[in-house]
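Inside the fold
Okay, here's what each chain looks like letter by letter:
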Amino acid sequence: MTLLMIDLDNTLIDRDAAFRTGLTALLAAHGHAADHAEWIMPVDDRGYAPRPVVARAMRERLDFDLTEDGLIDALYRGSRDNARLEPETADAIARARGAGHRVVIVTNGPVEGQFGKIRNAGLDKLVDAWTISGAVGADKPEAAPFHAAAAAVDGSLADAWMIGDRDDADILGAHRLGVPSVWLHLGREWTIADYRPTHTAGSVVEAIDHAANAPRVS
């Protein structure tokens, strides 16, 4: 049995697509054109930017009948409520679990928002468990979320893989623990010299299939 630890945002689900869908609806609800999303998306920086930074940038350029906290909540809801899972991703999870592997989501973020995405995408019915940093008290790349994922299924990091899109969280965390990893490149080039993923994949389906079928890396 291999433990497959998989990131959520922009790995299992297209978080940017969910954010854009929610953002477009929010703009329309406040009388703003959808094309404002074109400058807001780079500010959002694939979710890496803190929500207050995004909310302040939006409020500086556009009128909203919302407080800053209200706008932050609306941005969180947009990503959460529009989270969707592609059928081929669900099939890859099913293949891995059918082969006897355990699949655990390991995600950074607040519990309510991240679990909402898991539930709305239907992942709560497809994976063995999930670990959310807000519940653990530490974010990837710290070791605690990875150890919590293994404990959730009575597994071991000695027989684990980590799959994710973030070099500074998913891949670095795996590297520190000696866990092999698959980096979802999303059209980017790997630029870090100090460490690198065991494998690079163009899609989460490719990543899951590789980790589920690869021999253990010593």
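The structure this text deals with has already been given above.
Residues numbered from 1 in each chain as written. Predicted model: local features only at pLDDT ≥ 70, side-chain atom pairs only at ≥ 80, totals over all residues. Heavy atoms only, no water.

Below, the discussion takes up the pattern of salt bridges. Under the criterion given, the structure shown has 16 salt bridges. With a closest N to O distance of 4.0 Å, Glu112 and Arg80 form a salt bridge. Of this pair, Glu112 sits in helix α6 (residues 111-120) while Arg80 sits in helix α4 (residues 68-81); the two residues are 32 residues apart in sequence, bridging distant segments of the chain. On the basis of relative accessibility, which here comes to 17%, the residue Arg80 falls in the buried class. (Salt bridge = Lys/Arg side-chain N within 4 Å of Asp/Glu carboxyl O. Helix = DSSP H or I, 4+ residues; strand = E, 2+ residues; numbered from the N terminus. Buried < 20%, exposed > 50% of the residue type's maximum accessible area, 1.4 Å probe, protein only.)

What follows covers the environment of Val103. Within the secondary structure layout, Val103 lies in strand β2 (residues 102-107). Exposure remark for Val103: the relative accessible area of 1% places this residue in the buried category. Residues Val103 and Leu157 lie 54 residues apart in sequence; the distance between their C-alpha atoms is 13 Å. Excluding anything up to four places from it in sequence, Val103 contacts Leu4, Ile6, Ile93, Ala96, Arg97, Val127, Asp128 and Ala129. (Contact = heavy atoms within 4.5 Å.)

Glancing now at the nonpolar core. Side chains of a nonpolar character, in soluble globular proteins, are inclined to be buried together. Membership of the largest hydrophobic core comes to 29 residues, with the highest contact counts inside it found for Leu4, Leu12, Leu123 and Ile208. Among the secondary structure elements, those contributing two or more residues to this core are β1 (3-6), α5 (87-98), β2, β4 (160-164), β5 (181-184) and α10 (204-213). Beyond its immediate chain neighbours, meaning those up to four positions away, Leu12 contacts Ile6, Asp7, Leu85, Thr89, Ile93, Ile105, Leu123, Val204 and Ile208. Counting 19 residues, the second largest nonpolar core, distinct from the first, contains Trp39, Ala57, Phe64 and Leu75. (Core = buried A, V, L, I, M, F, W, Y, C linked by side-chain atoms within 4.5 Å.)

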